Amino acid sequence: PFEVVAERSGITVIVPPGVSVLDALADQGIHIATSCGEGVCGTCETKVLAGEVDHRDSLLTEEERTANTVMMVCRSRARGARLVLDV
Ligand code: FES
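Small disclaimer: the values here were computed from a predicted structure and weren't measured.

### Regarding the sheet that holds strand β3 (residues 45-50)
Here is step 1: Taken in spatial order, the 5 strands make up an open sheet running β2-β1-β7-β3-β5, and their pairing is mixed. Either end of the sheet is taken by a strand with one partner, and the two such strands are β2 (11-15) and β5 (70-72). Taking the axes of each pair of neighbouring strands and ignoring which way they run, one obtains an average angle of 40° across the sheet.
Here is step 2: Two elements, β3 and β5, share 3 bridges in a ladder whose sense is antiparallel. Bridging across to β5, T46 finds its partner in M71.

The following block contains the structure:
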C-alpha cells in the first residue's frame, strides 16, 4: 500500500494492492476523468507534485517518465510510500 495526497482537495487516501489510484481517489469523492482504464488513452493524466511514480501506462515517453511530472492514475502507482497529486 502507499499513500496518495490529493493536494487541492486536502484529502489523503491509502491505495491498497490491486486498487488503482483512480479508484482509491473516486472512493473519496475525487473523480478524475477516465476513459480506457488501461493506460493507453491519456484521459486520466494527472499532475504529480511530489513522490516517485511507478509508471505502468503505455503512453508516456522515457523522458516524460523520468521527468516525473505527470502520471496516468488508472494504471500507474507509487515507487515509494507517498505521492502528492495536483487534484
Ligand atoms: Fe486512459 Fe488512464 S483512462 S490512460
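### Quick word on the nonpolar core
A general trend in soluble globular proteins is that nonpolar side chains are found buried together.
Here is step 1: Ranked by size, the top nonpolar core spans 24 residues in total, and within it V4, V21, L25, M71, V73 and L85 carry the most contacts.
Here is step 2: Looking at this core, the elements that each hand over two or more residues are β1 (2-6), β2, α1 (21-27), β5 and β7 (82-85).
Here is step 3: If one sorts the elements of this core by residue count, α1 sits on top with 4 residues.
Here is step 4: With residues near it in sequence (within four places) discarded, L85 still touches V4, V5, A6, E7, V21, L25, T46, K47, V48, L49, M71 and V73.

### Re the pattern of salt bridges
Here is step 1: Within this structure, the stated rule accounts for 7 salt bridges.
Here is step 2: For R79, the salt bridge is made with E52, and the minimal N-O distance between the two is 3.2 Å. With a gap of 27 residues between them, R79 in the loop between β6 (77-78) and β7 and E52 in the loop between β3 and β4 (53-54) connect regions that are remote in the sequence.
Here is step 3: With a shortest N-O distance of 3.8 Å, E62 and R65 are connected by a salt bridge. Pair noted here: E62 and R65 are both in helix α2 (residues 62-67), with a separation of 3 residues, about one helical turn.
Here is step 4: Classification of R65 as buried rests on a relative accessible area of 19%.
Here is step 5: Beyond isolated ion pairs, a larger network of salt bridges with shared partners links R8, K47 and D86.

### Remarks on the confidence of the model for the protein chain
Here is step 1: Summary statistics for the protein chain give a mean pLDDT of 98 and a share of 100% for residues scoring 70 or more.
Here is step 2: Taken together, the chains of this predicted complex give a pTM of 0.96 and an interface ipTM of 0.99.

### Thoughts on the pairing of β7
Here is step 1: By the bridge criterion, 4 bridges tie β1 to β7 in an arrangement that is parallel. When the sheet's bridge partners are listed, A6 is paired in β7 with L85.

How each quantity is defined
- Residues numbered from 1 in each chain as written.
- Predicted model: local features only at pLDDT ≥ 70, side-chain atom pairs only at ≥ 80, totals over all residues.
- Heavy atoms only, no water.
- Pairing = 2+ DSSP bridges.
- Helix = DSSP H or I, 4+ residues; strand = E, 2+ residues; numbered from the N terminus.
- Axes fitted to C-alpha atoms, helices over the stretch in contact; angles between N-to-C directions.
- Core = buried A, V, L, I, M, F, W, Y, C linked by side-chain atoms within 4.5 Å.
- Buried < 20%, exposed > 50% of the residue type's maximum accessible area, 1.4 Å probe, protein only.
- Contact = heavy atoms within 4.5 Å.
- Salt bridge = Lys/Arg side-chain N within 4 Å of Asp/Glu carboxyl O.
- pLDDT = per-residue confidence, 0-100.

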